[in-house]
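# An overview of the molecular structure
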Amino acid sequence: MRDTETVITCDIKSGESRFNVYLAIFIAYLGPATAGFVVGWSSPSLVLLRDPDTGISLTEDQGRWLASLTPLGAAIGPLVSGYLLDSLGRRRTFLLHHVMFLVGWGLMCTKTLWIMYTARLLMGMAVGISLAVTSMYIGEMVDDSIRSTINCMYPVFNKFPLILTFGIGPHISYHNLIFICSVPSLAFMFLYKMLPESPLFLFLKNRDSEGIETLSWLRQLPESSVIDEAKSIKNSLSDKEEGSWANLFFRRSNLRAMMIVGSLQFFWQYSWGTVVIAYAQPILLQTGLSFSSSLCAWVMAIMTWIGASLAPVLVRSWGYKTSLMVSSTVCTLSMGTCAYFLGICLTGDNSPLVQWSVLISQILYTISNYSSYYPVSISLLGEYFEPSMKAKASTIITCVLCLESSFAVYIFPLFLRTFDLSITYWFSFAILFLGTMFVSIFIPETSGLSFAQIQEVLHR
């Protein structure tokens, strides 16, 4: 009799379709896409707004404020995201942050400076909320076999807007660019009714009938066929204590998860993962290669997106740890190569060999960096923590990530003024080397595991 029941269950599962899951994932990733447009808006628009004919004529200092208020807001956003996720739920938090994006884009149309400052701060907060909610939601929605692959797609959606804004932004009007930037949020509003609430959140709030109904919709199976999965989720929640800030720091599995995700973000930020791309043009100018700033920014945006597009393929094939090891090793070697040849450039040797060595190593660094290091660290944020601790952990780590990013952007020019470019890159090489050792020793392989199995691994 038991064998017969197993066969029947397997037959039902074999007819399961993932269309609804993929639809929900696509709608969720419209948030990171809008966040990418918020970041990419600055490059073409700040140049345009310095033109007196635009009616505003920004000064350089005002432009810096418009650019810097977004990362400041991104550091504030996660402070409220934990409360929103636990009280409103994942679905309505998505809705709220898209409303913030749309209000922000509307305010940017005024071309009134203090209103534009407010808009950039508001959209920055929405960027921080997006970073906190997306990986958590997707981690809770998809089944174990595809979770790691799907969760690594954040930068695929987040970096593609940079190609558009850098590529077409300088060639269209200010208001047309704002309309293009708002398209993902407008699409979200159209598709919002089709976005389900996270089943885990529903079971966490004891809304069991809604949770079973949502699981049935996601799996495209009768409710009777998802009862076992619903029971499994309920059992995993009933075994845990009510989430508290103390548990985040004193429970071994949560503390280890914090250490791993936080360390990966540290190694990424302070190997200049964010700023090297922004400073690509002056770096190449050191070698004698001459590129326009707009062309250089556009090419680097393409390189980041190519790297991000490789992430799901690598994680699907190799898992988290091997992908991270390959990515970190290539980043370390390419950064060391770039530092070495930049040192040669500073002696006055600008031969074609030196120039192309710097250019190729810079491209390799960018692609490998975004092929695992960046996406995996974001993906793990949505997988590593107990259900009752997800919102709190996401709040802390996302806030720290945004603050680290802002600080890295601030200190990089100080490094360049204090040391030469070659030494600055050797510092990055040393950080990446330590990061590679950290991945080798401390990162467990958890791709394809259930949440319960991941907790067991982290508790060892």
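Keep in mind that what you see is a predicted model, and the values were worked out from it rather than measured. (Residues numbered from 1 in each chain as written. Predicted model: local features only at pLDDT ≥ 70, side-chain atom pairs only at ≥ 80, totals over all residues. Heavy atoms only, no water.)

## A look at a nonpolar patch on the surface
Side chains of Met259, Phe433, Leu434, Met437, Ile441 and Phe442 sit close together on the surface and give an oily, nonpolar patch of about 570 Å² of accessible area. The greatest single-element share of the nonpolar patch, amounting to five residues, is contributed by helix 20 (residues 421-442). Overall, phenylalanine 433 belongs to the partly exposed group, its relative accessible area being 42%. (Patch = residues over 30% accessible without salt bridge, like charges linked within 9 Å, V, L, I, M, F, W, Y side chains within 5 Å. Areas by Shrake-Rupley, 256 points an atom, 1.4 Å probe, with all protein chains shown as cover. Salt bridge = Lys/Arg side-chain N within 4 Å of Asp/Glu carboxyl O. Helix = DSSP H or I, 4+ residues; strand = E, 2+ residues; numbered from the N terminus. Buried < 20%, exposed > 50% of the residue type's maximum accessible area, 1.4 Å probe, protein only.)

## Some remarks on the pattern of salt bridges
By the definition in use, this model includes four salt bridges. When the shortest N-O distance is used, the salt bridge between glutamate 140 and arginine 90 registers 2.8 Å. With glutamate 140 in helix 6 (residues 113-141) and arginine 90 in helix 5 (residues 90-108), this residue pair connects regions lying 50 residues apart in the sequence. Between arginine 207 and glutamate 210 there is a salt bridge, and its shortest N-O distance comes to 3.0 Å. According to the relative accessible area criterion, arginine 207 is partly exposed, its value standing at 32%.

## Topic: helix 9 (residues 174-191)
Taking 1.5 Å of rise per residue, 18 residues should cover 26 Å, and helix 9 covers 27 Å from first to last C-alpha, within 8% of that figure. In the structure, helix 9 departs most strongly from a straight axis at valine 183, where the bend amounts to approximately 45° and where the proline proline 184 lies between one and four residues downstream. Turning to helix 9, its buried residues are Tyr174, Leu177, Ile178, Cys181, Ser182, Pro184, Ser185, Phe188 and Leu191. (Expected span 1.5 Å × (residues − 1). Bend = angle between axes of the 7 residues up to and from the residue.)

## Quick look at the packing of aromatic side chains
As enumerated under the stated definition, the model contains 21 aromatic pairs in all. With 6.4 Å between their ring centres and 65° between their planes, phenylalanine 26 and phenylalanine 157 make a pair best called edge-to-face. Of this pair, phenylalanine 26 sits in helix 2 (residues 19-28) while phenylalanine 157 sits in helix 8 (residues 154-168); the two residues are 131 residues apart in sequence, bridging distant segments of the chain. With a relative accessible area of 39%, phenylalanine 26 lands in the partly exposed category. For phenylalanine 157, a relative accessible area of 22% corresponds to the partly exposed category. Relative to phenylalanine 157, the ring of tyrosine 29 has its centre 4.8 Å away and its plane inclined at 10°; by these criteria the two rings are stacked. With a gap of 128 residues between them, tyrosine 29 in the loop between helix 2 and helix 3 (30-49) and phenylalanine 157 in helix 8 connect regions that are remote in the sequence. What makes tyrosine 29 buried here is its relative accessible area of 1%. Every member of this aromatic cluster is reached through a ring pair, and the members are Phe266, Phe267, Tyr270, Phe407, Phe438 and Phe442. (Phe/Tyr/Trp six-rings, centres within 6.5 Å; stacked < 30°, edge-to-face > 60°.)

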